Amino acid sequence: MSEHVYTEINRLVNRLKQDQSSDGSWNYPFDTGITADAYMIILLKILQIEDEPLIEALVNRIESRQTENGSWKLFHDEKDGNLSVTIEAYYGLLYSGLRKKQDPHIKKAKQFILAHGGIKKAKMLTKMMLTVTGQYKWPLIFPLPLEVILLPPVSPVNMYDLSVFGRVNMIPLLLLGHKKFQIKSPITPNLKDLYHTREERSKEHVWEEYRTDEYRSFFSTVQNAVKSLIGFPDYLHSLALETTKRFMIDRLEPDGTLYNYFGSTFFMIFALLSVGYSKDDPVILKAVDGLKGMACSIDGHTHIQFTTPHVWNTSLISYALQEAGVSSKDQTVKAANQYLLSRQHHIFGDWRIHNPKAVPGGWGFSDLNTMNPDVDDTSASLRALAYELKHNPTNQDSWQRGVAFMISMQNDDGGFPSFERNNDHQWLHLVPFEGSKYLLTDPSTPDLTGRALEFLGNYTNMKKPEKVSKKAVNWLLDNQEPDGSWYGRWGICYLYGTWSALTGLKAAGHSSDHPAIKQSVGWLKKIQNKDGGWGESCYSDIKEKYVPLGTSTLTHTAWAVDALISTSEEPTPEIKKGITYLIREGSKECWANEYPAGQAMANFLYIHYHSYRYIYPLLTLSHYKNKFMNELKTGYPPFN
């Protein structure tokens, strides 16, 4: 098997080198299904921006994903299909003007929608898009009064209690809801035939989320907080309008998008229209161009990404190449690391509200992210840059700022969040958004905590006795699942969290004989498939328990095997079978290797990272080689 390990490592290294962009980054697609494709068609048509080649390309992409029963799915094994995504696809195709309700595949989509509850059963964010574009009426009361934006961070209820991801999407929606803004174009499709009855078209039936006693109590609490503000009502109203507009404008990235997110920029454009911006205002046009800049090509089809994954891809790939034995002086690695250094943050963002003593020094996810760093991208970039930054005196400042920023993000509970520290407020769970637990809050999670521990243990001198690592270890041990696994917030799902936690605990100095580690290893071995691989369904994320996929994937297998390698002194049968799977299946094409490995919001947005099928098998094979196939054991030279 040794020769096959080296051959596969060589293949993966060469593939990654071949795919590097001229600026040193990797732009493998960030595939989030068809939602943004449909929204982009709707946006262009409403703004009357003529770009028929793009619209036609997006129509073709959407149609390529339709299933036999007329639906669209979030993931391959989703039963029947997904109602909200099918509504979005149906709407986008009709809005394009290139498809008609009489078309056979459009009829099938309509039949699916009606058979699964009709338009009123759409998910919340889909309802928001439909409302803004004139298909629903706004509810009498929206989630929060606009004046909530004026509440200071010290208030018991304030907008900065929301996660940055929730806040940047919610604030444009607050303005739109306050204005009861709606916009149509001359070709807006009529979706009344997606209701079962005339009664369903009333707002009271559509907005069932706002009819509960819990929500009324929540809304009353927020209103009371707003009433506590000192000032004249008219003045507060105008100030809230200006503050909301200023919030969005002040957070525009160089490409004109709001925080480099498609969804927030989409709603921001309409929010600005609601306060008097014209369709051809330079701010609007630049934002649209920024969204167009998120386009990528997948299997010959144009896809609009929710954001660009350049920094994440590049940090992981540079690190994996170096773990495989590629020198940090190699031109591929040098170009990648130069790109990463150019993307380190130097300005303050909203994170400083919850972390006022920290200074900029982190990294964000996307190519043009300048003010929204996160713990995971920071640790990933530091791993890639470790050798260069620690051995090149001219870059010591970058290393120190990066490490200091990452450590400063640790929550008081000992775990690590994604974007903002100590920002997990239970009152937000009452907001009637599906998945509000992770959309609106930013809690400590096992995947972020484990990966932070792995970095601190392997790349700094902060082992278990150190305060930072000890608190993180304790948090992980306290948050292990009863079966021995850990939940991963940003990956699918328990395999991702368990891999992160185990590698973090080992890097922090924990023995493989520790009960938590032994139980976790036992769980991984128990769920290994007969073919030697592992596979987990996105239903794990929805049901909040491990659900097997029924087949193996390269990424899930790599995570599981890498976790086992970190806890084993010898290559166990489970490890060998996993390595054999990675080698045997590495270059094969099948649906399982296109299955989402990432998630952004349960039951709404899942991510297929096209880079993962190369990164994680390479990383795992390299760790296997480095630990069990050194030159003395195998006679093979180190990879170069």
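Please refer to the structure placed before this passage.
Just so it is clear, the model here is predicted, and its values are computed rather than measured. (Residues numbered from 1 in each chain as written. Predicted model: local features only at pLDDT ≥ 70, side-chain atom pairs only at ≥ 80, totals over all residues. Heavy atoms only, no water.)

> Break down the pattern of salt bridges for me, with residues and values.
This model, assessed by the stated rule, comprises 24 salt bridges. One salt bridge in this structure joins Asp19 and Arg15, with 2.7 Å as the shortest N-O distance. Note that Asp19 and Arg15 are positioned in helix α1 (residues 2-19) at a spacing of four residues, about one turn of the helix. Given the relative accessible area of 32%, Arg15 is considered partly exposed. Note that Asp193 and Lys101 form a salt bridge whose closest N and O atoms lie 3.3 Å from each other. Here the residue Asp193 occupies a position in the loop between α7 (164-179) and α8 (203-206), and Lys101 occupies one in the loop between α4 (83-95) and α5 (104-115), the gap between them amounting to 92 residues. Residue Lys101 is classed as partly exposed on the basis of its relative accessible area, which comes to 30%. Each of Asp31, Asp37, Arg61 and Arg65 takes part in salt bridges that share partners, so that together they form one network. (Salt bridge = Lys/Arg side-chain N within 4 Å of Asp/Glu carboxyl O. Helix = DSSP H or I, 4+ residues; strand = E, 2+ residues; numbered from the N terminus. Buried < 20%, exposed > 50% of the residue type's maximum accessible area, 1.4 Å probe, protein only.)

> Can you tell me about the packing of helix α20 (residues 494-507) against helix α23 (residues 554-567), naming the residues and giving the values?
Running from N to C, α20 and α23 point in directions that differ by 25 degrees, and their axes come no closer than 9 Å. Between α20 and α23, the angle is such that the two are roughly parallel. The two elements α20 and α23 meet at a crossing, and its hand is left-handed. The segment α20 lies against α23, with Leu495, Tyr496, Trp499, Leu502, Thr503 and Lys506 engaging His556, Trp559, Ala560, Asp562, Ala563, Ser566 and Thr567. For the contact of α20 with α23, the class distribution of residues is seven nonpolar, four polar and two charged. (Axes fitted to C-alpha atoms, helices over the stretch in contact; angles between N-to-C directions. Parallel < 35°, antiparallel > 145°, perpendicular 65-115°, else oblique. Left-handed = near helix turned anticlockwise from the far one by under 90°. Contact = heavy atoms within 4.5 Å. Nonpolar A, V, L, I, M, F, W, Y, C, P; charged D, E, K, R; others polar.)

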